[in-house]
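The lines below spell out each chain.
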Amino acid sequence: MEETEKKTVFEHESQILVRSREILNNESTVDYKQPYIDLTNSYESLLNDIKLLTSVSDRLQKKHNQTNERLREINEEFSQQAEEIKAIHEALQTKNAEITARIEELKATKNDLTLARIRKRATSIIVVVAIILLVLTELFDRFVMEGSSWASKILLIILIKPLDNFIMERLKRKEFAQVNISST
Amino acid sequence: MEKIKIDATNKTPRIELDHEAGLLKIEGRSIPENSFEFYKPVMSWLDEYSKSPNASTLCTFKFEYFNTSSSKCILDIFRKLEQIHQEGSAVVISWYYDEDDEDMQETGEDYKNIIKVPFKVIPNN
């Protein structure tokens with residue numbers, strides 16, 4: 001309690017004390033018996049009040065202390081739970097990074113497989129085209145040029161690489177366009 | 001005498017004083033900054049009420065929590081009611097407490113032992 005609070009809450013008791021002091025200071029007072037009886041009665045009443053208030057106050061303090069204790073326990077529980085959540089969060093982040101890395105690996109593997117498949121198809125196409133062109137140049141040399149020409153064969157060999165690149169690019173574009181469509 | 005109604009706050013209880021009905025009701029939490037100032041209207045009302053009290057006065061106290069200075073003010077209110085009772089009017093004090101609040105029950109019992117007025121200590125359902 002504040003000092004001012006004490007003065008006001010114990011206003012009645014303070015008045016009794018002031019009255020008693022006045023009687024003591026008054027030299028003309030001869031008979032102290034009645035004021036002494038009044039003071040004793042007031043003291044008895046005050047003592048009873050103090051006993052009661054102390055008991056009530058102790059109980060309230062106990063209640064307050066129990067509430068504080070409970071709050072401390074709850075706080076500790078929350079801190080512990082926060083630590084656990086933090087650990088779970090960190091584990092999830094690690095797992096997430098692992099999954100992301102695994103996905104990247106799988107994507108790279110899939111790309112490699114797709115490229116290998118395209119290469120195989122491109123090689124097949126080139127072989128077929130080369131055979132057709134070889135037959136055509138042979139026929140051209142025999143019936144048009146009336147003799148064998150190395151020039152057409154060299155041209156054919158030179159053309160194979162750009163043709164291979166062209167077919168690879170077309171097949172790649174077609175394949176990845178299909179992948180994009182299916183992923184969307 | 002006019003009726004007095006004071007709404008509860010998170011620090012002070014709800015107060016209802018009705019001369020016609022002979023009713024005094026205080027309920028809630030009592031931890032005011034200055035208990036004497038807060039309960040002053042109640043004491044003034046009781047001073048006035050004691051001059052011409054009802055044949056019977058019903059007093060209900062339902063506290064959730066109160067501080068030490070409030071407990072002194074509550075005691076002063078009880079003393080005033082005791083005086084009214086001794087002067088010939090019927091006064092009944094009902095002290096309510098939460099069923100699981102043993103401390104508030106014991107506090108009621110403590111007041112009951114010191115105040116010479118019919119005093120009921122009743123659990124809240």
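Before reading on, note that the structure itself is shown above.
The residue numbering used here restarts from 1 in each chain and proceeds along that chain's sequence as written. Working convention: letters from A go to chains and numbers from 1 go to ligands, in the order in which they are written. Reporting of local features is limited, given that this is a predicted model, to residues whose pLDDT is at least 70; pairs of side-chain atoms are given and counted only at 80 or more, and all residues count toward the totals for whole chains, interfaces and linings. The side-chain numbers reported here are obtained from all heavy atoms of the structure, hydrogens and water having been left aside.

1. Quick look at the overall build of chain A
Now for step 1: Working definition: helices are DSSP H or I runs of at least four residues, strands are E runs of at least two. Numbering for both runs from the N terminus. Across its full length, chain A carries four helices and zero strands.
Now for step 2: Residue exposure (1.4 Å probe, protein chains only): buried if accessible area is under 20% of the type maximum, exposed if over 50%, otherwise partly exposed. Taking all 184 residues of chain A together, the buried fraction comes to 16%.
Now for step 3: For chain A, the proportion of contacts with a sequence separation of at least 24, taken over those separated by at least 6, is 62%.
Now for step 4: Only carbon and sulfur atoms are counted for the fraction: they give 62% of the accessible area of chain A, which is about 14,800 Å². Contacts are assigned to residue pairs with any non-hydrogen atoms lying within 4.5 Å of each other. Calculation of accessible area relied on Shrake-Rupley with a 1.4 Å probe; when residues are assessed, cover is drawn exclusively from the protein chains displayed.

2. Considerations on the interface of chain A and chain B
Now for step 1: With 21 residues of chain A at the contact, the number on the chain B side is 24 residues.
Now for step 2: Both faces considered, chain A and chain B share a buried interface measuring about 1,900 Å² in area, 59% of it formed by carbon and sulfur atoms.
Now for step 3: A side-chain nitrogen of Lys or Arg and a carboxyl oxygen of Asp or Glu constitute a salt bridge if their distance falls within 4 Å. A salt bridge links Arg79(B) to Asp49(A), with the nearest nitrogen and oxygen atoms 2.4 Å apart.
Now for step 4: Here a polar contact is recorded for every N or O atom pair within 3.5 Å, except that within protein the pair must consist of a potential hydrogen donor and a potential acceptor, and residues adjacent in sequence are included only if both atoms are side-chain atoms. Taken together, the links from chain A to chain B amount to ten residue pairs in polar contact (both at pLDDT 80 or more).
Now for step 5: Listed by contribution, the elements that provide at least two residues to the side of chain A that touches chain B are helix 1 (3-9), helix 2 (11-25) and helix 3 (33-144) of chain A.
Now for step 6: The element contributing the most residues to the side of chain A that touches chain B is helix 3 of chain A, with 14 residues.
Now for step 7: Following the grouping adopted for this structure description, the nonpolar residues are Ala, Val, Leu, Ile, Met, Phe, Trp, Tyr, Cys and Pro, the charged ones are Asp, Glu, Lys and Arg, and the polar ones are all others, Gly among them. Residues of the side of chain A that touches chain B, tallied by class, amount to seven nonpolar, seven polar and seven charged. As a working definition, buried area equals the accessible area (1.4 Å probe) given up by two parts on being put together, with both sides summed.

3. Some details on the packing of aromatic side chains
We describe a pair of aromatic rings using the distance from one ring centre to the other and the angle between the two ring planes.
All names here are of chain B.
Now for step 1: In summary, the pairing rule links any two rings of Phe, Tyr or Trp, Trp by its six-membered ring, whose centres are within 6.5 Å, and it sorts them by plane angle into stacked for under 30 degrees, edge-to-face for over 60 and tilted for everything else. In this structure the tally under the stated criterion is 13 aromatic pairs over all chains.
Now for step 2: For the ring pair Trp45 and Tyr49, a centre distance of 4.8 Å and an interplane angle of 10° mean the geometry is stacked. With Trp45 and Tyr49 both in helix 1 (residues 35-49), this residue pair falls four residues apart, about one helical turn.
Now for step 3: Judged by relative accessible area, which is 5%, Trp45 ranks as buried.
Now for step 4: We classify Tyr49 as buried; its relative accessible area is 0%.
Now for step 5: Relative to Trp95, the ring of Phe66 has its centre 6.2 Å away and its plane inclined at 85°; by these criteria the two rings are edge-to-face. Of this pair, Phe66 sits in strand 4 (residues 56-66) while Trp95 sits in strand 5 (residues 90-98), placing them 29 residues apart in sequence.
Now for step 6: Given a relative accessible area of 0%, Phe66 falls into the buried group.

4. A look at the pattern of salt bridges
Residues and elements named next belong to chain A.
Now for step 1: Inspection of every chain in the model, using the stated rule, returns 27 salt bridges over all chains.
Now for step 2: Here Glu98 and Lys95 are joined by a salt bridge, their closest N and O atoms 3.8 Å apart. Taken together, the residues Glu98 and Lys95, both in helix 3 and three residues apart, mark about one turn of the helix.
Now for step 3: Relative accessible area serves as the criterion here: at 48%, Lys95 is assigned to the partly exposed category.

5. Some thoughts on the pairing of strand 4 of chain B
Residue and element names in this part refer to chain B.
Now for step 1: Should DSSP find at least two bridges between two strands, the strands are regarded as paired. When strand 3 (residues 23-30) meets strand 4, the two strands line up parallel, connected through eight bridges. Counted as the bridge partner of Arg29 is Tyr65 from strand 4.
Now for step 2: Traced from strand 3 through helix 1 to strand 4, the parallel crossover comes out right-handed.
Now for step 3: Where strand 4 meets strand 5, seven bridges bridge the pair, whose relative direction is parallel. Within strand 5, the position partnered with Cys59 by the bridge is Ile93.
Now for step 4: As for the winding sense of the linkage, the β-α-β connection from strand 4 through helix 2 (residues 68-86) to strand 5 is right-handed. Looking down the strands as they point away from the viewer, one classifies a crossover as right-handed if the path from the first strand across the helix to the second runs clockwise.

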